[in-house]
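Each chain is listed here by its residues.
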Amino acid sequence: MRLSGIFRSRLRWWTLAGVFGATWAWWISAQATFTSAVGIGVGGAIALCVIRVLRASSVSSEEESFTARIWPWLLLFGLAVAWELFELRGSPRIAHPTLSYLANLWILSSRLTRAGVAATWLMVGWWIVP
Amino acid sequence: MTVGEFGWLVVILAVAGLSLLAWRRPAALVSLSGLWRLLRSNWVGRSAMVGMWAWLGWHLFVR
């Protein structure tokens, strides 16, 4: 009985959060860049996430061997950053595509995919804090 | 395909390859989900991720 109450309360909370997030993403996708409205919308989401990070307590870390097992990822991250910077210095953009250029071309050009990216961005921000 | 696009394809394939390696040899390489857990587990990792996340959102939608 009590468990079902908790489940129902959580379900209600997640539904509300989902509806709010989807509405926010759809609204953001309709806003033009460099406007106050989009700045306030995205800034508000960032402020919420920063508050959650500041309030979160520490979680016990994984085993020590982790550091020895992450260097290929660090190397790849470094290479990707170097490639982005290399492309950024080149022109024209079509021959030297940066990640922003590719994102504009493939996923930010229609409202539906733009809303999808906004919703995904919001969810990632929520998941950062355990 | 331009050289620039080819470079990004190589990066994507490298991520896929490392993920596969991490899945087959978990003792040798941390998986992407393991990295995610590691970064979330401490204050420094969380702050770095929130910083990158905030910059990305601002850059994509506000400019």
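Residues numbered from 1 in each chain as written. Chains lettered and ligands numbered in written order. Predicted model: local features only at pLDDT ≥ 70, side-chain atom pairs only at ≥ 80, totals over all residues. Heavy atoms only, no water.

**As for helix α3 (residues 71-89) of chain A**
Item 1. Look at α3 of chain A: 27 Å from first C-alpha to last across 19 residues, which is about the 27 Å you get at 1.5 Å a residue.
Item 2. Residues of α3 of chain A that are buried include every one of P72, W73, L76, A80, E84 and E87 of chain A, and no others. For α3 of chain A, the angular spread of buried residues about the axis comes to 115 degrees, placing them on one side. Looking at α3 of chain A, the residues exposed on the side facing more than 90 degrees away from the buried face are W71, L74, L75 and R89 of chain A.
Item 3. On the buried face of α3 of chain A, the contacting elements are α4 (99-106) of chain A together with α1 (3-24) and α2 (32-41) of chain B. (Helix = DSSP H or I, 4+ residues; strand = E, 2+ residues; numbered from the N terminus. Expected span 1.5 Å × (residues − 1). Buried < 20%, exposed > 50% of the residue type's maximum accessible area, 1.4 Å probe, protein only. Arc of directions from axis to C-beta. Contact = heavy atoms within 4.5 Å.)

**Some words on the interface of chain A and chain B**
Item 1. Opposite the 50 residues of chain A that make contact, chain B presents 40 residues.
Item 2. Regarding the contact of chain A and chain B, the summed buried area is about 4100 Å², with carbon and sulfur atoms giving 73% of it.
Item 3. At the boundary of chain A and chain B, one finds zero salt bridges.
Item 4. Taken together, the links from chain A to chain B amount to ten residue pairs in polar contact (both at pLDDT 80 or more).
Item 5. For the side of chain A that touches chain B, the secondary structure elements donating two or more residues are α2 (36-55), α3, α4 and α5 (111-128) of chain A.
Item 6. Looking at the side of chain A that touches chain B residue by residue, the classes come out as 34 nonpolar, eleven polar and five charged. (Buried area = accessible area lost by both parts, 1.4 Å probe. Salt bridge = Lys/Arg side-chain N within 4 Å of Asp/Glu carboxyl O. Polar contact = N/O pair within 3.5 Å; in protein donor to acceptor, adjacent residues only side chain to side chain. Nonpolar A, V, L, I, M, F, W, Y, C, P; charged D, E, K, R; others polar.)

**As for the side chain of E87 of chain A**
Item 1. With respect to the helices and strands, the residue E87 of chain A is situated in helix α3.
Item 2. No salt bridge forms around the buried E87 of chain A; measuring N to O, its nearest opposite-charge neighbour R93 of chain A is 6.2 Å away.
Item 3. Each residue touching E87 of chain A, except ones within four places of it in the same chain, is listed here: R93, A95, H96, P97 and T98 of chain A together with G4 and W8 of chain B. (Lys, Arg positive; Asp, Glu negative; His and termini not counted.)

**Quick look at the packing of aromatic side chains**
To describe a pair of aromatic rings, you give the distance between the ring centres and the angle between the ring planes.
Item 1. Under the criterion given, the structure shown has six aromatic pairs over all chains.
Item 2. Where W13 of chain A meets W14 of chain A, the ring centres are 5.3 Å apart and the plane angle is 85 degrees; that geometry is what we call edge-to-face.
Item 3. An angle of 65 degrees between the planes, with centres 6.4 Å apart, marks the rings of W121 of chain A and F61 of chain B as edge-to-face. With one member in each of two chains, W121 of chain A in helix α5 and F61 of chain B in helix α3 (residues 43-62) form a pair that bridges those chains.
Item 4. Assessed through its relative accessible area of 3%, W121 of chain A is described here as buried.
Item 5. A network of ring pairs unites the aromatic residues W24 and W121 of chain A together with W53 and F61 of chain B as a single cluster.
Item 6. The ring of W126 of chain A has R52 of chain A lying over it, and the distance from NZ or CZ to the ring centre is 3.7 Å.
Item 7. Looking at R111 of chain A, its charged tip hangs above the ring of W26 of chain A, at a distance of 3.9 Å from the centre. (Phe/Tyr/Trp six-rings, centres within 6.5 Å; stacked < 30°, edge-to-face > 60°. Lys NZ or Arg CZ within 6 Å of the ring centre and 35° of its normal.)

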